[in-house]
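Take a look at the letters that make up each chain.
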Amino acid sequence: MKKIIALLFIFLSLFVHGQNEQLALNYFDRGEFEKALVSYEELLKAQPNNFNYFQKAVECYQQLQQFDKAEKAIQERLDKYKQGNFLVELGYNYQLQKNQEKANKYYDQAIDKIKKNPSEVYQIAYVFDRKALVDYALLAYQTAVSLEPKFNFNFQMALLYGQKGETDKMIDKFLTEAYTNPQNLIMIQNQLSRFTTEETDVTFNDALKKALLIRIQKNQDIFWNEFLSWFYVQQKEYGKAFIQEKAIYKRNPESFSNIVNLGQLAIEENDQEAAKEILGFVLENTKDLDLQIQSHSYLMEMKIAKALPKDYPAINLELDNLIKEFGVSPFSLSLLKIKAHFVTFNMKDAETGKVILKNVLEMPLNRDQVAEVKMELADILLFEEKFNQALIYYSQIENDANNSPIGQEASLKTAKTSYFKADFKWAEHQLKVLKSASTQLIANDALDLFLLISDNTVEDSTQVALKKFARADFLLYQEKKQDALTAFQAILKENKGDAIEPVTLLRIGKIYEELGDTNAALVNYKLILDNFKECIYIDEALFYSAEIYNQLNDIEKAKPLYEEVITKHEDSIHYVTSQKKYRKLRGDSI
């Protein structure tokens with residue numbers, strides 16, 4: 001019984017102590033330093049050796065400008081423990097009183113401590129760094145390393161040089177550390193990637209690339225080729241990254257998977273030129289059937305995306321030959337799906353597409369493969385306007401895949417099906433959930449469609465214009481571009497001045513782009529820019545116009561459009577791409 005009572009007493013003491021600590025911290029965070037000080041002084045009575053309580057108490061004294069009390073507390077600790085970090089604390093206490101001469105005196109004494117015992121650098125440099133005394137923190141590390149060469153503070157010093165804006169020194173330290181301790185490579189690359197996305201990244205990128213090229217010239221270790229490849233990937237320069245990966249592959253054939261991954265990145269970023277070159281290399285250098293099928297599938301998808309109706313028979317024959325070469329099996333699933341989609345959406349032969357997929361479902365597929373095939377089959381049923389049948393398949397995928405990416409994709413397609421059916425209320429309900437989807441692309445698409453429905457319901461409660469718009473969007477889904485164009489143009493005539501006008505102009509512009517009429521596309525985008533400056537589609541009109549001018553090599557017209565996205569639309573999904581392309585057109589070295 002006595003033991004139980006003792007344990008209960010200990011538990012209650014710990015509970016009360018924890019509450020007191022949280023209370024003190026709350027006061028401190030709210031800037032109520034007098035109350036925080038009382039709490040920390042009480043806590044110190046119970047745990048006089050607790051450094052965190054001591055530190056907070058000293059900071060309270062300093063915030064309340066009770067510098068004498070702070071000095072007394074620090075001096076007592078220094079006398080007791082003889083540690084150099086308390087010299088830094090004393091110096092900083094004088095610095096807060098604007099007595100820099102006396103502050104430097106204590107800082108120099110702390111450095112002298114390191115000269116006598118280099119191991120003290122850990123605590124001393126840490127306090128210098130925490131007090132934002134960057135030069136002294138660097139001096140502390142430099143002093144320790146000069147006396148004990150086995151010490152390694154490359155990472156810490158790199159961060160400090162970064163704080164000072166001395167990027168060349170920062171890069172040198174990071175690269176030295178990465179090569180010395182490859183296990184820290186990812187951590188270092190994460191640090192470097194932070195700088196490549198900041199406003200000053202142009203000069204930083206140039207400096208990092210130069211430093212990597214110098215190391216490749218001096219040291220033939222493929223480590224530097226890999227690092228440079230990583231750098232080019234960060235810049236989305238996949239062709240240049242491929243040059244490095246080929247050099248690595250020649251010396252290390254085991255690195256072939258890196259080339260495959262690079263090809264996938266190029267495809268995802270729509271760098272078709274680099275993707276074709278990379279996938280061609282893969283096909284020339286692998287006997288792996290999976291890789292061959294995967295590469296052919298990507299190449300066919302790119303070819304179909306750019307194809308005109310006159311190209312369809314040749315593409316259809318090429319798909320048939322590939323399926324014949326690799327056989328009809330779960331291994332050639334990607335090719336079979338492409339074939340089914342192509343004959344349905346491009347050649348308007350939905351029956352053949354369904355037959356292909358229903359035969360595939362008879363094969364021994366895993367759960368993910370079944371979901372992929374059902375998704376494609378549902379897409380074809382939707383193409384045929386068999387909305388309810390399509391919804392059954394989408395719902396099956398949602399239920400089976402739950403919150404996985406393919407499950408969320410099925411949820412989005414369910415919402416879009418409701419939208420195409422003009423069941424806007426149910427579509428909105430589904431889209432509200434999907435706006436926070438873990439997959440960014442799905443979240444963005446869900447938000448766009450949600451805003452389209454909600455914005456065009458406010459002014460038109462009967463949703464007449466929205467119903468016509470949804471029908472035109474469905475024609476686009478069916479790849480009936482000319483019919484969709486006619487439908488959108490009719491909406492413009494019938495709904496002049498309505499909320500739906502800017503997004504209709506945007507759709508028309510995109511259709512003209514896909515039909516190859518860039519002048520007509522630019523006319524429609526300009527109507528948005530001139531007449532709807534406050535609409536949510538302005539950043540897209542700017543970006544799409546800039547992209548067309550860029551492709552036409554009209555740099556003087558492209559630059560100001562990219563610049564406007566950068567300066568006025570920081571939250572745009574096109575912000576980062578506009579930033580990079582603007583700098584490239586401006587002539588920055590990247």
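Residues numbered from 1 in each chain as written. Predicted model: local features only at pLDDT ≥ 70, side-chain atom pairs only at ≥ 80, totals over all residues. Heavy atoms only, no water.

(A) The arrangement of the overall build of the protein chain in detail. Within the protein chain one finds 32 helices and 0 strands. Relative to its length of 590 residues, the protein chain is extended, with a C-alpha radius of gyration of 32 Å against a globular reference of 25 Å. The proportion of buried residues among the 590 residues of the protein chain is 47%. If you sum the accessible surface of the protein chain, you get close to 31,200 Å²; carbon and sulfur atoms cover 52% of it. Put simply, the protein chain has 72 plus and 85 minus side-chain charges, and the middle of one group is 4 Å from the middle of the other. (Helix = DSSP H or I, 4+ residues; strand = E, 2+ residues; numbered from the N terminus. Rg over C-alpha atoms; globule rule 2.2 N^0.38 Å. Buried < 20%, exposed > 50% of the residue type's maximum accessible area, 1.4 Å probe, protein only. Areas by Shrake-Rupley, 256 points an atom, 1.4 Å probe, with all protein chains shown as cover. Lys, Arg positive; Asp, Glu negative; His and termini not counted. Charge placed at Lys NZ, Arg CZ, Asp CG, Glu CD.)

(B) Here's a closer look at the nonpolar core. Core analysis: the biggest nonpolar cluster contains 90 residues, and Tyr40, Val121, Phe128, Leu208 and Phe227 have the highest contact counts within it. By residue number, the principal contributor to this core is helix 13 (residues 222-234), which donates 8 residues. With residues near it in sequence (within four places) discarded, Leu208 still touches Ile171, Leu175, Leu192, Trp230 and Phe231. One finds Ile453, Ala465, Ala520 and Tyr549 within the second-largest nonpolar core, a separate group that totals 72 residues. (Core = buried A, V, L, I, M, F, W, Y, C linked by side-chain atoms within 4.5 Å. Contact = heavy atoms within 4.5 Å.)

(C) Representation of unusual backbone geometry in the model. A positive phi angle, close to 60°, is found at Lys82, a residue other than glycine. By the element assignment, Lys82 lies in the loop between helix 4 (67-81) and helix 5 (85-96). A relative accessible area of 53% means that Lys82 is categorised as exposed. A positive phi is found at Lys348, a non-glycine position, where the angle reads about 55°. Here Lys348 lies in the loop between helix 19 (333-346) and helix 20 (350-360). Among the residues examined, Lys348 registers a relative accessible area of 38% and is labelled partly exposed.

(D) Main features of the layout of surface pockets. Its volume calculated, the second largest pocket comes out at about 330 Å³. Only helix 2 (33-46), helix 3 (51-63) and helix 4 provide two or more residues apiece to the lining of the second largest pocket. Ranked by residues supplied to the lining of the second largest pocket, first place goes to helix 4 with 6 residues. Counted by class, the lining of the second largest pocket contains 6 nonpolar, no polar and 7 charged residues. (1 Å grid on protein atoms, 1.4 Å probe; cavity = no way out; pocket = protein on both sides within 12 Å on 5 of 7 lines; lining within 4 Å. Points joined across faces, edges and corners; volume = space filled by probe spheres on them. Nonpolar A, V, L, I, M, F, W, Y, C, P; charged D, E, K, R; others polar.)

(E) Spotlight on helix 6 (residues 100-116). Along its 17 residues, helix 6 runs 24 Å from first to last C-alpha, staying within 8% of the 24 Å computed at 1.5 Å per residue. Taken together, the buried positions of helix 6 are Ala103, Tyr106, Tyr107, Ala110, Ile111 and Ile114. Within helix 6, the buried residues cover an arc of 145° as seen down the axis, which keeps them to one side. Structural note: helix 6 exposes Glu101, Lys115 and Lys116 on the side pointing more than 90 degrees away from its buried face. If you follow the buried residues of helix 6, they end up packed against helix 5, helix 7 (121-130) and helix 8 (134-147). (Expected span 1.5 Å × (residues − 1). Arc of directions from axis to C-beta.)

(F) Main features of the packing of aromatic side chains. Within this structure, the stated rule accounts for 39 aromatic pairs. Aromatic pair Tyr419 and Phe424: ring centres 6.0 Å apart, planes at 50°, arrangement tilted. Take Tyr419 and Phe424: they sit in the same class, and that class is buried. Feature note: the residues Phe345, Phe383, Phe387, Tyr419, Phe420, Phe424, Phe474 and Tyr477 constitute an aromatic cluster, connected by ring pairs. The lysine or arginine in question, Lys56, covers the ring of Phe28, its NZ or CZ lying 4.1 Å from the ring centre. When the ring centre of Phe450 is taken as reference, the NZ or CZ atom of Lys435 above it lies at 4.0 Å. (Phe/Tyr/Trp six-rings, centres within 6.5 Å; stacked < 30°, edge-to-face > 60°. Lys NZ or Arg CZ within 6 Å of the ring centre and 35° of its normal.)

(G) A look at helix 14 (residues 238-251). Along its 14 residues, helix 14 runs 20 Å from first to last C-alpha, staying within 8% of the 20 Å computed at 1.5 Å per residue. All buried positions along helix 14 are accounted for by Tyr238, Ala241, Phe242, Gln244, Glu245, Ile248 and Tyr249. Seen along its axis, helix 14 keeps its buried residues to an arc of 165°; they face one direction. For helix 14, the exposed residues set more than 90 degrees away from the buried face come down to Ile243 and Lys250.

(H) Structural view of the pattern of salt bridges. For the coordinates displayed, the defined rule picks out 34 salt bridges. Across the pair Asp172 and Arg215 runs a salt bridge whose closest N-O atoms are separated by 2.8 Å. Pair noted here: Asp172 is in helix 10 (residues 167-180) and Arg215 is in helix 12 (residues 201-218), with a separation of 43 residues, a long-range link. Classification of Asp172 by relative accessible area gives partly exposed; the value is 36%. (Salt bridge = Lys/Arg side-chain N within 4 Å of Asp/Glu carboxyl O.)

(I) Inspection of the confidence of the model for the protein chain at higher detail. Counting all residues, the mean pLDDT for the protein chain is 92, and 95% of those residues have values of 70 or more. At the level of individual helices and strands, the protein chain shows its lowest average pLDDT in helix 1 (residues 2-29), which scores 62, and its highest in helix 19, which scores 98. Confidence drops under a pLDDT of 50 for residues 5-17, and excluding neighbours within four residues, the segment shows 3 contacts in the predicted structure. (pLDDT = per-residue confidence, 0-100.)

(J) Main features of the packing of helix 18 (residues 312-326) against helix 19. Two elements in contact, helix 18 and helix 19, have axes separated by 10 Å at closest approach and are oriented at 160°. What the angle tells us is that helix 18 and helix 19 run roughly antiparallel. When you trace helix 18 past helix 19, the crossing you get is left-handed. Of the residues in helix 19, those in contact with Tyr312, Ile315, Asn316, Leu319, Asp320, Leu322, Ile323 and Phe326 of helix 18 are Leu335, Leu336, Ile338, Lys339, Phe342, Val343 and Asn346. Taken together, the residues that form the contact of helix 18 with helix 19 break down as 11 nonpolar, 2 polar and 2 charged. (Axes fitted to C-alpha atoms, helices over the stretch in contact; angles between N-to-C directions. Parallel < 35°, antiparallel > 145°, perpendicular 65-115°, else oblique. Left-handed = near helix turned anticlockwise from the far one by under 90°.)

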